[in-house]
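Residues per chain are reported as follows:
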Amino acid sequence: MPAHTENEITIAAPLDLVWDMTNDLENWPQLFSEYAAVDVLSREGTKTTFRLTMHPDDNGKVWSWVSERVTDRLGLNVRARRIEPGPFQHMNIRWEYAEIPGGTRMQWFQDFAMKPEAPVDDAGMTELINRNSRIQLELIRDKIEQRAREGGRDSAPAVPN
């Protein structure tokens, strides 16, 4: 049975800075604590195909997969899906951004299903995703807010839309 997660955070920074930093794939290993490497495989317009490699897990296993990500700057959202699903039957992700009083709200939605032979079932993965999303969102918020204090959008890397 498919599973769904929703996580969000408010970041005290301008929307443009949040958008630029969270969509700068090459710098994700500095933004997220879980990613060891990002290799961009191709870019076609607003679609980027890339390989994500995580740091080794508690058992020493290194997880890696290929995803594609399509940004919609005007619509303030990003849609992504795993092309190499690994233990997932499917994994679809949507990021939504909104300018709100005091900053930017960023929301993550994940729709997925685990393969029967996966090391964890849908309920277990839901718990893992929710726990880790909170950790990653707080790290991202702190890094973006620090950048905003240091100089705002001008110090953010330019990101193709």
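Residues numbered from 1 in each chain as written. Predicted model: local features only at pLDDT ≥ 70, side-chain atom pairs only at ≥ 80, totals over all residues. Heavy atoms only, no water.

Some remarks on the overall build of the protein chain
- Along its length, the protein chain carries three helices and seven strands.
- The order of α-helices and β-strands along the protein chain, N terminus first, is β-α-α-β-β-β-β-β-β-α.
- In terms of C-alpha radius of gyration, the protein chain reaches 16 Å, essentially the compact-globule figure of 15 Å for 161 residues.
- Pairs at least 24 apart in sequence give 52% of the contacts found in the protein chain among residues at least 6 apart.
- Of the side-chain charges in the protein chain, 19 are positive and 26 negative, and the distance between the mean point of each set is 2 Å. (Helix = DSSP H or I, 4+ residues; strand = E, 2+ residues; numbered from the N terminus. Rg over C-alpha atoms; globule rule 2.2 N^0.38 Å. Contact = heavy atoms within 4.5 Å. Lys, Arg positive; Asp, Glu negative; His and termini not counted. Charge placed at Lys NZ, Arg CZ, Asp CG, Glu CD.)

Here's the deal with the confidence of the model for the protein chain
- Mean pLDDT over the protein chain works out to 93, with 93% of the residues at or above the 70 mark.
- Confidence over residues 153–161 falls short of pLDDT 50; this stretch has 20 contacts with residues more than four positions distant or in other chains. (pLDDT = per-residue confidence, 0-100.)

Focus on the nonpolar core
- With 26 residues, the main nonpolar core has Trp-28, Phe-32, Trp-95, Tyr-97, Met-106 and Ile-144 as its most contacted residues.
- Listing elements by their share of this core, those giving two or more residues are β1 (3–11), α1 (15–22), α2 (28–31), β2 (35–44), β3 (47–54), β6 (88–100), β7 (103–114) and α3 (122–150).
- With residues near it in sequence (within four places) discarded, Trp-95 still touches Thr-22, Trp-28, Phe-32, Arg-69, Leu-76, Asn-77, Val-78, Met-106, Gln-107 and Trp-108.
- Counting eight residues, the second-largest nonpolar core is a separate cluster that includes Phe-112, Met-114, Met-125 and Ile-129. (Core = buried A, V, L, I, M, F, W, Y, C linked by side-chain atoms within 4.5 Å. Buried < 20%, exposed > 50% of the residue type's maximum accessible area, 1.4 Å probe, protein only.)

Comments concerning the side chain of Glu-145
- Structurally, Glu-145 can be placed in helix α3.
- Buried Glu-145, no salt bridge; nearest opposite-charge side chain is Arg-141, N-O distance 4.3 Å.
- Setting aside anything within four residues of it in sequence, one finds Glu-145 in contact with Thr-10, Ile-11 and Ala-12. (Salt bridge = Lys/Arg side-chain N within 4 Å of Asp/Glu carboxyl O.)

Remarks on the layout of surface pockets
- Of the volumes computed, that of the largest pocket is approximately 1100 Å³.
- Forming the walls of the largest pocket are 36 residues, and the residues nearest its centre are Glu-34, Met-54, Arg-82, Met-125 and Asn-132.
- Elements supplying a minimum of two residues to the lining of the largest pocket: β3, β4 (64–72), β5 (77–82), β6, β7 and α3.
- Here the element with the most residues in the lining of the largest pocket is α3; it accounts for eight residues.
- A class-by-class count of the residues in the lining of the largest pocket yields 22 nonpolar, seven polar and seven charged. (1 Å grid on protein atoms, 1.4 Å probe; cavity = no way out; pocket = protein on both sides within 12 Å on 5 of 7 lines; lining within 4 Å. Points joined across faces, edges and corners; volume = space filled by probe spheres on them. Nonpolar A, V, L, I, M, F, W, Y, C, P; charged D, E, K, R; others polar.)

Describing the packing of aromatic side chains
- In the structure shown here, the tally under the stated rule is 11 aromatic pairs.
- Taken together, a centroid distance of 5.9 Å and an interplanar angle of 85° make the contact between Trp-28 and Phe-50 edge-to-face. With a gap of 22 residues between them, Trp-28 in helix α2 and Phe-50 in strand β3 connect regions that are remote in the sequence.
- Judged by its relative accessible area of 4%, Trp-28 is buried.
- Residue Phe-50 is classed as buried on the basis of its relative accessible area of 3%.
- Plain terms: the ring middles of Phe-88 and Phe-112 are 5.9 Å apart, the flat faces sit at 90° to each other, and that makes the pair edge-to-face. Taken together, the positions of Phe-88 in strand β6 and Phe-112 in strand β7 put the pair 24 residues apart, joining distant regions of the chain. Each member of the pair, Phe-88 together with Phe-112, is buried.
- Through a chain of ring-to-ring contacts, the aromatic side chains of Trp-19, Trp-28, Phe-32, Tyr-35, Phe-50, Trp-95, Tyr-97 and Trp-108 assemble into a single cluster.
- Looking at Arg-69, its charged tip hangs above the ring of Trp-95, at a distance of 4.3 Å from the centre.
- Stacked on the ring of Trp-65, the Lys or Arg Arg-82 has its end atom at 3.6 Å from the ring centre. (Phe/Tyr/Trp six-rings, centres within 6.5 Å; stacked < 30°, edge-to-face > 60°. Lys NZ or Arg CZ within 6 Å of the ring centre and 35° of its normal.)

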